[in-house]
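# Report on the structure
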Amino acid sequence: MTSITTRSRRRWLAPLAAVAATAAIALTGGRFALAGDDLAPRTAAELLADVQRARLDQLSGTVVQTADLGLPSLPVPGGAGAGGAASIDGAIGQMLSLASGSHTWRVWYDGETRQRLALISSLGESDIIRNGTDLWFWSSSDRSATHLTLPADTNAQARAAAAATGLPRTPEEAARLALDSIDPTTKAEVGPAVTVAGRAAYELVLTPKDAATLVSQVRVAVDSERKLPLRVQVYSTKLATPAIEVGFTAIDFAAPEARQFDFTPPPGTTLTQVSAEQLVAAAGDGEAAAAVGADRARAMRVTGTGWSRVVVAKLPAEQENTQAPGSPTSGGRDALSRFLGGLPRVTGAWGSGRLLEGTLWSAVLTDDGRVALGAVPPAGLYAALAAK
């Protein structure tokens, strides 16, 4: 069960993590600006309150995600299989591919118990489909499906579905994750009106006051009528175009057709069944893992403030690899070693290590087992590593 949920999460967490990490930002809401001649004026604070109060009942649409994160192009195998090194390498390769280029998603939403998310690519289609107590993961490229039976209890359903997919349980929860922090390090204002997916929208413009960050601006287009976010653009100081953009290109607020939530595995599909009891147990494991993660978070050291904060942490001690070559453990370690081996070496008063430098953030993995991460140029990481 653990391997099933892990593989499922890998497929979907990459784009979600990118959006969540850039959307959970510091805001101020006192600045006033006009949204445009055709829309009623709103302050940034009023617009943020509108987003938090917005209600989503139903929708369907197409979302396009583009990313230019400046990550190195590394030769990671893309093959997938039932297990072992190939499937792990394929998952890593897919995550790296989502960090660059353009990707198209279809989404259908009909309340908290009927949802579907589909990633469309030249290689096929991958779906998450929830219909009541049925939760399906489907990949057309390798003709594999996993069927999870959610508990009958609604609260247990939400916990189990969140454990299986890594997704927020409700749109309101997703909004709270993105808008729950207010900080004086950001200027928030409402820019001119924009049109997204054929709909008039306000644009909330968030500009860091800190010149040390790689993030130059974040723009959030908010539907003028329904007050739901339609597009997020994150700009880097290194690029004229958005480093990350996620937005609807088409949207319909009518109820989706019921057939969109029905799924029957095609003939020849490799099918895995997971019971409600296994899901509840997995959710419990996830809570324990979260507790361990919280302990590690308390051991982290944070330098700086606002957008130029840098997190320095000690990496967990590497466990001895006793698995045979080609096992899942050795495959994952080999893939990680290839990735790290392609990064440039850097040295300084703080020590030595390898640098991953992107358009929105930088990371240093030191030879003595530390990692420094922040939305700053490498010099900011080196200073944080050298600080006592």
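Residues numbered from 1 in each chain as written. Predicted model: local features only at pLDDT ≥ 70, side-chain atom pairs only at ≥ 80, totals over all residues. Heavy atoms only, no water.

### Let's talk about the confidence of the model for the chain
Rules: Along the chain, pLDDT gives the predictor's confidence residue by residue, from 0 to 100. Any pair of residues with heavy atoms lying within 4.5 Å of one another is described as a contacting pair.
Of the residues in the chain, 64% reach a pLDDT of 70 or more, and the chain-wide mean stands at 75. For residues 1–34, every residue scores under 50 in pLDDT, and the model assigns this stretch 89 contacts once sequence neighbours within four places are set aside. Confidence drops under a pLDDT of 50 for residues 167–181, and excluding neighbours within four residues, the segment shows 23 contacts in the predicted structure.

### Brief notes about the nonpolar core
Basically, it comes down to this: The term nonpolar core refers to a set of buried residues drawn from Ala, Val, Leu, Ile, Met, Phe, Trp, Tyr and Cys, joined through side-chain atoms within 4.5 Å. Accessibility here uses a 1.4 Å probe with only protein chains present; expressed as a share of the type maximum, an area under 20% marks a residue as buried, one over 50% as exposed, and anything in between as partly exposed.
Counting 42 residues, the largest nonpolar core has Leu 59, Leu 204, Val 215, Val 218, Val 234, Phe 248 and Leu 360 as the members making the most contacts within it. With eleven residues, the next largest nonpolar core counts Val 346, Val 376, Leu 381 and Ala 384 among its residues.

### Focus: the packing of aromatic side chains
So the rule is basically this: When two rings of Phe, Tyr or Trp (its six-membered ring) have centres within 6.5 Å they constitute a pair, described as stacked for plane angles under 30 degrees, edge-to-face for angles over 60, and tilted for the intermediate range. Put simply, DSSP H or I for four residues or longer makes a helix, DSSP E for two residues or longer makes a strand, and each gets a number counted from the N terminus. In this scheme, the term charge over a ring applies when either NZ of a lysine or CZ of an arginine sits within 6 Å of the ring centre and within 35 degrees of the ring normal.
Applying the stated rule across the entire model yields three aromatic pairs. A centroid spacing of 5.6 Å and a plane angle of 45 degrees characterise the contact between Trp 138 and Phe 263, whose relative ring orientation is tilted. Of this pair, Trp 138 sits in strand 7 (residues 134–139) while Phe 263 sits in the loop between strand 13 (242–252) and strand 14 (270–274), placing them 125 residues apart in sequence. For the ring pair Trp 350 and Tyr 382, a centre distance of 5.3 Å and an interplane angle of 15 degrees mean the geometry is stacked. On the criterion of sequence distance, the pair formed by Trp 350 in the loop between strand 17 (345–348) and strand 18 (351–357) and Tyr 382 in helix 8 (residues 378–386) is long-range, its members being 32 residues apart. The structure contains a cluster of three or more aromatic residues connected by ring pairs, namely Trp 136, Trp 138 and Phe 263. One Lys or Arg, Arg 116, reaches over the ring of Trp 108 and ends 4.5 Å from the middle of that ring. Sitting above the plane of the Phe 253 ring, Arg 226 keeps its charged end 4.2 Å from the centroid.

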